[in-house]
Amino acid sequence: MGDDLPGFRLRELTPGDGPAVGRLYAASPDTGMIRFRPTFQVDPYVALMFDGLQTGVVVERTDSAEVVGIGLFELGDIVVRDRPSRYALLHSLVVHPDARRRGVARSIVDWRLARVRETLGDDAVIVATIQKDNAGSFAAASRWATAFSSPISSVAIGLPSKPPKAPDAGLRIRRTGPGDLEAYAAAYTAMHTAEFDLWPPADAAELSRWLETSPVPDARTNGLWVVEDAGGQLLAGLGTTEVRRMTVLQVDALPMSMRLLDSVLHVIPRGGSMEMVRISRMWFRPGAEPAARALFGAVRWEARTQGNVMIATFDPRGPLGRMVAPPRWLPRTAFSLAICGPAELRPDHPIEPVQ
């Protein structure tokens, strides 16, 4: 692979590539509706690969060894139409502006697809996320994807200056302990089995591994929170990731409508430097929406110690938007999943995005 790309060569990403990858990202902001780029807080190789689930390819110039392209994929488990499967998430495709329109992106995609199919077989479920207005990425994905999902919402939520009101009597909001993981996983699974056509499973072992995974030695970046009733039953849960330990997102450009809105709301921090707290692994029991919203509000308050903006991602067709309950006027973007797989997704069923 890469032999038909004059002037360039492809090879697997290695630990020594960190500085070159950092330079590539700095020179290559996203070209969607919102232009952004990560600024790495640890070695870029560590930031991208620390969880041990990633495989990456880089493209370098043959005359100078300058890295001008990168693409990663992550292997994991997914449930599609109630059928557990292995899958690959294609992500972090970046090509330097000076090397675009020369077949670099196509070669990265082909390298990843070939490697995924070598690993998982020709019937592998393959997924990629594409920002709403990134026409080039949609065109590239149309070569291999069999479907594109309905738009998924990603909402930037500012952090409050005052604590939320106390939860209703009998409710307790807290971090999870080891004894909660079985119940957390069971409730998460029950909600997603009932509602969703595509979702990443999470058993107690996976949750435990995720909690212990961090790019920074002796520092925890992931956490799980729950709200329980007076009898100790878990009613809702969510996970948080302190993304600023790995990267800070620098927003370089917003559409005029978002700039005007943000001049009033001030969701995007001054200078466009977003220290994100990412929300994931959300669930709530039937009838527990008020408790779930109380949990979300409490975690939003606690997030002030971990960053300056919260990012919540959800399918607006599903129930989790009711947990987040973002005002319609909040700045947000949208993306779709490009999907290749044996099962067709139903248009009236939500999905849980894998990122």
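These numbers come from a predicted model, not from an experiment.

A. Highlighting the packing of helix α5 (residues 181-195) against helix α6 (residues 204-212). Closest axis-to-axis distance for the α5/α6 pair is 8 Å, and the angle between their directions is 115 degrees. With respect to each other, α5 and α6 are oriented roughly perpendicular. Relative to α6, the crossing made by α5 is right-handed. Contact with α5, carried on its side by L181, E182, Y184 and A185, involves A204, L207, S208 and L211 of α6 and no other residues of that element. Looking at the contact of α5 with α6 residue by residue, the class counts come to six nonpolar, one polar and one charged.

B. Inspection of α6 at higher detail. Along α6, the residues that are buried comprise A204, L207, W210 and L211. Relative to the axis of α6, the buried residues are bounded by an arc of 125 degrees and lie together on one face. Relative to its buried face, α6 has exposed residues pointing more than 90 degrees away, namely A205 and E212. On the buried face of α6, the contacting elements are α5, β11 (222-228), β12 (234-242) and β15 (276-284). By the N-cap criterion, in which a side-chain oxygen at the helix start approaches the backbone nitrogen of a residue two or three places on, α6 is capped by D203, the distance to A205 being 3.2 Å.

C. Representation of the nonpolar core within the structure. Membership of the largest hydrophobic core comes to 43 residues, with the highest contact counts inside it found for I157, L238, L295, F296 and M323. When residues of this core are assigned to their parent elements, the largest contribution, six residues, is made by α5. Of all hydrophobic cores here, the second largest spans 27 residues; its members include F8, F73, A99 and V104.

D. The environment of R81, seen in detail. Mapped onto the elements of the fold, R81 is located in the loop between β4 (67-80) and β5 (83-95). The exposure class of R81 is partly exposed, given its relative accessible area of 32%. A sequence separation of 204 residues divides R81 from R285, and the C-alpha atoms of the two residues are 21 Å apart. Non-local contacts of R81, meaning those with residues more than four positions away in its chain, are made with D197, A343, E344 and R346.

E. Quick peek at α5. The end-to-end C-alpha distance of α5, which contains 15 residues, comes to 21 Å, matching closely the 21 Å that a straight helix rising 1.5 Å per residue would cover. In the core, the buried residues of α5 are packed alongside β10 (198-199), α6, β11, β12, β15 and α9 (320-324).

F. Structural view of unusual backbone geometry. In this model, S92 sits at a positive phi of 55 degrees, which is unusual for a non-glycine residue. Looking at where S92 falls in the secondary structure, it is placed in strand β5. On the basis of relative accessibility, which here comes to 23%, the residue S92 falls in the partly exposed class. In the Ramachandran plot, A325 falls in the positive-phi region, its phi being about 50 degrees despite a non-glycine side chain. Of the residues examined, A325 reaches a relative accessible area of 43% and is grouped as partly exposed.

Parameters and conventions
Residues numbered from 1 in each chain as written. Predicted model: local features only at pLDDT ≥ 70, side-chain atom pairs only at ≥ 80, totals over all residues. Heavy atoms only, no water. Axes fitted to C-alpha atoms, helices over the stretch in contact; angles between N-to-C directions. Helix = DSSP H or I, 4+ residues; strand = E, 2+ residues; numbered from the N terminus. Parallel < 35°, antiparallel > 145°, perpendicular 65-115°, else oblique. Left-handed = near helix turned anticlockwise from the far one by under 90°. Contact = heavy atoms within 4.5 Å. Nonpolar A, V, L, I, M, F, W, Y, C, P; charged D, E, K, R; others polar. Buried < 20%, exposed > 50% of the residue type's maximum accessible area, 1.4 Å probe, protein only. Arc of directions from axis to C-beta. Polar contact = N/O pair within 3.5 Å; in protein donor to acceptor, adjacent residues only side chain to side chain. Core = buried A, V, L, I, M, F, W, Y, C linked by side-chain atoms within 4.5 Å. Expected span 1.5 Å × (residues − 1).

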